[in-house]
Amino acid sequence: MSSVNASGAAPKAPTEVARQLPHGFRIVAWIGIVLGIVGAWLCLPPITERSWVWSLVVCLVAVMLGIGVVIRGERRFGGFAIASGAIGFAVAYLATLSSTGKLETVVVWSALFAATLRYATPLIFAAIGGMFSERSGVVNIGLEGMMLMGAFFAVLADDKTDSWIIGLAVGILSGGVAALVYAFFAIHLRADQILGGTAINFLCLGLTGYLYIDIYGTEGTASNTIQAIPDIHLSFLDGVPFLGPIFAQVNLMIWLALLLVVVSSIVMFRTPIGLRIRSVGEHPRAADTVGINVYAIRYSAVTLSGMLAAAGGAYLSIGFVNSFGENMTAGRGFIALAALIFGNWRPYGAAAACLLFGFSSALANRLPEYSDSASVLFQALPYVLTLIAVAGVIGRSTPPAADGRPYKKQ
Amino acid sequence: MSEDTKGPGAFAEPPEDPSGFGPHVGASLAERYSVAQKAEGILAPILTAVLAFLVGGLVVLVTTGKNPLTTYQAIFDGSGLNWLFPWVSGVERQTAALNFQQTLLIMTPLILTALAVSFAFRCGMFNIGGQGQYLVGSFFAVWIGSSLSGLNPYVHVIFAIVVAMIAGAVWAGIAGFLKATVGAHEVISTIMLNWVAIWVGMFLFGLGGPLQNGAQSDIPISNDVVPGAKLHVFWGDPEFQGLSIGIFIALAALVVYWVILNRTTLGYGVKAVGFNPEAARYGGISVSRNYFLAMAISGTFAGLAGALDILGWQFHIATSDIGASQIGFVGIAVALLGRNTAVGVGLSALLFAALVNGTSTRNLDPSIFQPELASNLTLLIQGLVVLFVGADVIVLTLLRRIRRRKPAPV
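Just so it is clear, the model here is predicted, and its values are computed rather than measured. (Residues numbered from 1 in each chain as written. Chains lettered and ligands numbered in written order. Predicted model: local features only at pLDDT ≥ 70, side-chain atom pairs only at ≥ 80, totals over all residues.)

Details of the overall build of chain A
When helices and strands are counted, chain A shows 19 helices and two strands. Reported as C-alpha extents along the three principal axes, the dimensions of chain A are approximately 65 × 55 × 40 Å. Within the span of chain A, comprising 410 residues, buried residues form 52% of the whole. Taking the contacts inside chain A whose residues are at least 6 apart along the sequence as the reference set, 76% of them involve residues at least 24 apart. (Helix = DSSP H or I, 4+ residues; strand = E, 2+ residues; numbered from the N terminus. Buried ≥ 20, exposed ≤ 12 C-beta atoms within 10 Å, placed from the backbone. Contact = placed C-beta atoms within 7 Å.)

What to know about the overall build of chain B
Helix and strand counts for chain B stand at 15 helices and two strands. Within chain B, residue pairs in contact and separated by at least 24 positions form 74% of the contacts whose partners lie at least 6 positions apart.

Regarding the domain arrangement of chain A
All names here are of chain A. Per the domain assignment, the segments of chain A are domain 1 (9-106) and domain 2 (108-390). Summarising the inter-unit geometry, the C-alpha centres of domain 1 and domain 2 are found 28 Å apart. Between domain 1 and domain 2, the residue contacts involve five residues of the former and five residues of the latter. Here the side of domain 1 that touches domain 2 is built from residues that sort into three nonpolar, one polar and one charged. (Domains from an automatic or database assignment. Nonpolar A, V, L, I, M, F, W, Y, C, P; charged D, E, K, R; others polar.)

Points about unusual backbone geometry
Its identity is not glycine, yet Asn327(A) carries a phi of approximately 50°, on the positive side. Looking at the secondary structure, you find Asn327(A) in the loop between α15 (294-320) and α16 (332-342). Residue Leu148(B) is not a glycine yet carries a positive backbone phi of 55°. Along the polypeptide, Leu148(B) turns up in the loop between α5 (130-146) and α6 (153-182). With 15 C-beta atoms counted inside 10 Å, the residue Leu148(B) sits in the partly exposed group.

A word on the interface of chain A and chain B
Taken together, the contacts link 53 residues of chain A with 50 residues of chain B. Within the residue set of the side of chain A that touches chain B, elements represented by two or more residues are α2 (13-20), α10 (193-216), α16, α18 (372-378) and α19 (381-390) of chain A. Here the element with the most residues in the side of chain A that touches chain B is α10(A); it accounts for 14 residues.

Some thoughts on the environment of Leu207(A)
With respect to the secondary-structure elements, Leu207(A) resides in helix α10. For the pair formed by Leu207(A) and Leu148(A), sequence separation is 59 residues and the distance between their alpha carbons is 9.7 Å.

A word on helix α7 (residues 109-135) of chain A
Residue and element names in this part refer to chain A. The largest bend along α7 reaches roughly 35° and is located at Ala-120, with the proline Pro-122 sitting one to four residues downstream. Of all 27 residues in α7, 20 are buried; the element is thus mostly enclosed. Trailing α7 by a residue or two, Gly-137 shows a phi angle of about 95°, which is positive. (Bend = angle between axes of the 7 residues up to and from the residue.)

Focus on the confidence of the model for chain B
If pLDDT is low for a region, its predicted coordinates should not be looked at in detail. Residue and element names in this part refer to chain B. Model confidence for chain B is summarised by a mean pLDDT of 82, while 85% of its residues fall at 70 or above. Across residues 1-27, where pLDDT falls below 50, the model places 49 contacts with residues more than four positions away in sequence or in other chains. Taken together, the chains of this predicted complex give a pTM of 0.83 and an interface ipTM of 0.81. (pLDDT = per-residue confidence, 0-100.)

Let's talk about the nonpolar core
Counting residues in each nonpolar core, the largest one holds 234 residues, and the members touching the most others are Ile124(A), Ala127(A), Ala339(A), Cys354(A), Leu110(B), Ile111(B) and Val385(B). Top element by residues in this core is helix α11 (residues 287-314) of chain B. It accounts for 17 residues. (Core = buried A, V, L, I, M, F, W, Y, C linked by C-beta atoms within 7 Å.)

Considering the packing of α6(B) against helix α7 (residues 186-205) of chain B
Residues and elements named next belong to chain B. Packing of α6 against α7 leaves a shortest axis separation of 9 Å and a crossing angle of 150°. Classed by the angle they form, the pair α6 and α7 counts as roughly antiparallel. In the packing of α6 onto α7, the handedness of the crossing is right-handed. In this structure, α6 uses Trp-171, Ile-174, Ala-175, Leu-178 and Lys-179 to contact α7, whose residues at the interface are Glu-186, Ser-189, Thr-190, Leu-193 and Ala-197. (Axes fitted to C-alpha atoms, helices over the stretch in contact; angles between N-to-C directions. Parallel < 35°, antiparallel > 145°, perpendicular 65-115°, else oblique. Left-handed = near helix turned anticlockwise from the far one by under 90°.)

Section: the packing of α5(B) against α6(B)
Residues and elements named next belong to chain B. Relative orientation of the contacting elements α5 and α6 amounts to 150°, with a least axis distance of 8 Å. The angle between α5 and α6 places the two elements in the roughly antiparallel class. In this structure, α5 crosses over α6, and the sense of that crossing is right-handed. Of the residues in α6, those touching α5 at Gly-132, Gln-133, Val-136, Gly-137, Ser-138, Phe-140, Ala-141, Ile-144 and Gly-145 are Phe-159, Ala-160, Val-163, Ala-164, Met-165, Ala-167, Gly-168, Trp-171 and Ala-172. Of the residues in the contact of α5 with α6, the class split is twelve nonpolar, six polar and no charged.

Some details on the environment of Asp231(A)
All names here are of chain A. Mapped onto the elements, Asp-231 comes out in strand β1 (residues 231-233). Considered as a pair, Asp-231 and Ile-254 are 23 residues apart in the sequence and their alpha carbons are 9.1 Å apart. Apart from residues lying up to four places away in sequence, Asp-231 is in contact with Gln-249, Val-250 and Asn-251.

Considerations on the environment of Ser99(A)
Positionally, Ser99(A) belongs in the loop between α5 (75-97) and α6 (100-106). For the pair formed by Ser99(A) and Arg50(A), sequence separation is 49 residues and the distance between their alpha carbons is 9.5 Å.

In structure tokens form, the structure reads like this:
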């Protein structure tokens with residue numbers, strides 16, 4: 001039953017049809033995207049081609065493939081291919097202007113990818129969390145606050161018990177509690193969801209800051225008393241070039257994040273539970289009439305989203321930097337929200353966007369070699385990309401139909 | 001999310017109940033608001049504030065065991081509101097005057113960022129981007145104010161303010177334009193624009209940035225505003241946080257806000273769209289034009305706030321301030337508590353300005369309550385206010401339904 005329903009679920013005519021028809025074009029678009037990346041790669045280490053001519057040729061092909069696909073109706077991926085070609089050539093051209101020595105210190109692929117994974121992990125947790133909430137029809141702009149809760153309470157519990165497992169569990173629970181409060185206001189009291197989410201962000205920022213100062217004072221937490229979430233050491237990857245430096249010594253939470261993407265995709269699109277969540281988010285009244293408990297689904301989805309966001313926050317505090325600072329998430333919850341929209345409310349799309357944003361952070365951290373100010377400006381990239389995405393230039397992002405609408409039982 | 005739900009594939013809600021709230025509750029947030037406003041008048045906002053302060057006091061009591069009343073008393077003294085009492089005299093009165101000047105200085109931009117939220121709200125939009133619009137306004141104000149040093153002072157000040165207002169209008173106008181043309185949700189786009197503004201500011205005034213201080217290249221700070229471009233200070237020290245005529249400009253903005261909304265065709269259109277876009281469109285009002293104009297006017301208010309802060313008392317921008325500034329976000333709470341009315345916004349701006357100033361490290365007596373804790377208390381109270389406002393709309397609407405059993409006015 002589940003498989004039949006999962007494929008023929010939402011009768012949203014235009015987008016769904018567009019998604020199914022031009023599958024061949026999408027493959028062409030993917031080729032374009034890859035060509036754009038190859039075009040940039042030609043002029044970067046280890047090849048470091050000093051002339052940009054080859055790169056121009058490859059990137060032009062990418063752009064042309066993209067345009068061809070856009071004309072035939074697959075705007076979103078075609079747009080990606082065009083963007084990939086254009087950005088690829090820009091990167092290649094800039095690289096030819098720089099000296100080889102500098103390029104080799106900045107562009108160390110294995111280190112870049114390893115950093116990308118570290119930056120993307122908290123985003124992935126929060127974005128997948130946000131996906132559950134929004135797929136069930138509850139907009140969650142409180143992700144930022146819930147991450148902050150997870151970050152603080154994980155440090156607190158970890159510090160008191162000297163156990164990262166308890167720290168992580170308490171962190172996740174605290175995010176769940178914040179989400180429950182939000183769910184009560186958004187679902188039962190049918191308060192405006194944007195207002196509720198904003199309130200949750202203020203409250204969590206105030207609460208964590210307050211307790212942090214109250215318990216630890218203004219000096220902050222000593223990082224040596226924190227039991228960090230351990231790394232997983234894969235000894236068989238030790239000597240392997242490229243893959244070794246990236247995956248041999250990786251934090252447990254990073255593997256969990258990657259696993260979460262796969263699992264949540266299966267849950268959301270291949271199981272009855274996922275079907276229920278989506279039906280509640282698309283048309284709650286219809287779901288209600290076939291006996292689905294709309295409130296129960298929404299409550300669990302929102303609570304789950306808070307717990308996942310908090311797990312991302314906990315990774316930040318006890319997996320990544322081993323301490324807590326006031327407002328330490330610094331807008332990551334909003335980047336996760338952006339990734340969710342950029343990825344069109346789908347797990348793989350959101351995760352890909354998180355990796356892209358993580359990569360841009362990783363690169364921004366290495367750019368000061370060239371120019372401090374340019375690397376700062378680079379940090380705005382995820383937000384600009386999301387603006388472009390919501391503007392519909394690269395295909396339209398379509399939220400679940402009942403996203404943000406409170407439901408009242410009849 | 002908004003416009004696109006009317007496409008051929010839209011099958012979001014049954015037509016007779018577009019909101020999902022049931023037939024008795026209005027469709028848009030703006031309409032629900034006016035129902036609440038008419039139902040209980042001034043009682044509801046006062047109750048909201050009292051409730052938030054009660055919970056805040058409870059937090060103080062539970063976590064520190066200190067008497068909440070003495071804490072609030074110390075905050076009250078720190079805000080300088082005791083200057084209004086004629087029996088305060090001598091040194092105490094001088095301190096109170098200094099504190100009160102600072103409170104009014106904070107009140108100035110709070111009024112304006114709150115109006116930025118309110119005006120969009122009246123058009124049915126939630127402008128969460130007041131912070132970004134405020135920042136962009138202040139960037140332009142500091143740029144114009146610190147250059148063109150030979151200019152006539154009057155021309156210089158007015159020029160700087162007007163450019164800042166236009167900058168704010170353009171920044172908000174992007175979100176309004178996206179909403180009007182492609183239906184991109186204004187909450188998402190304004191959040192993204194906030195972060196873009198922050199990082200652009202970090203770039204402009206950071207080390208090596210184009211607008212960074214010319215004399216000291218190792219400090220991430222802007223040039224100082226030239227004396228000719230400073231606003232006239234009529235009370236207190238003109239060099240250090242004396243009260244400038246900016247407060248009168250902000251009060252005048254309250255009047256302008258009231259006049260636009262209640263005495264002009266533009267205001268009628270904005271409110272009509274806010275109540276019910278469908279009905280407004282049917283009545284011949286251009287919905288997309290009003291979306292754009294409402295956002296642009298909102299941004300004008302926020303940009304003005306940035307200009308008054310820079311030209312009135314800050315005189316320069318440091319990158320550390322750009323990230324830490326919360327004025328735009330406090331403005332959300334001010335607007336909501338003030339019920340988006342001119343008088344309400346003025347009063348609640350005074351309340352929040354007193355709270356922010358009274359809990360600052362400089363003004364709160366550390367022997368009574370730790371200022372670092374108290375500033376987080378402000379955030380908590382702010383969050384509670386937003387949460388309660390979001391919920392009390394519902395509570396009041398329910399009350400009204402039970403009492404009268406009549407449909408809400410449209």
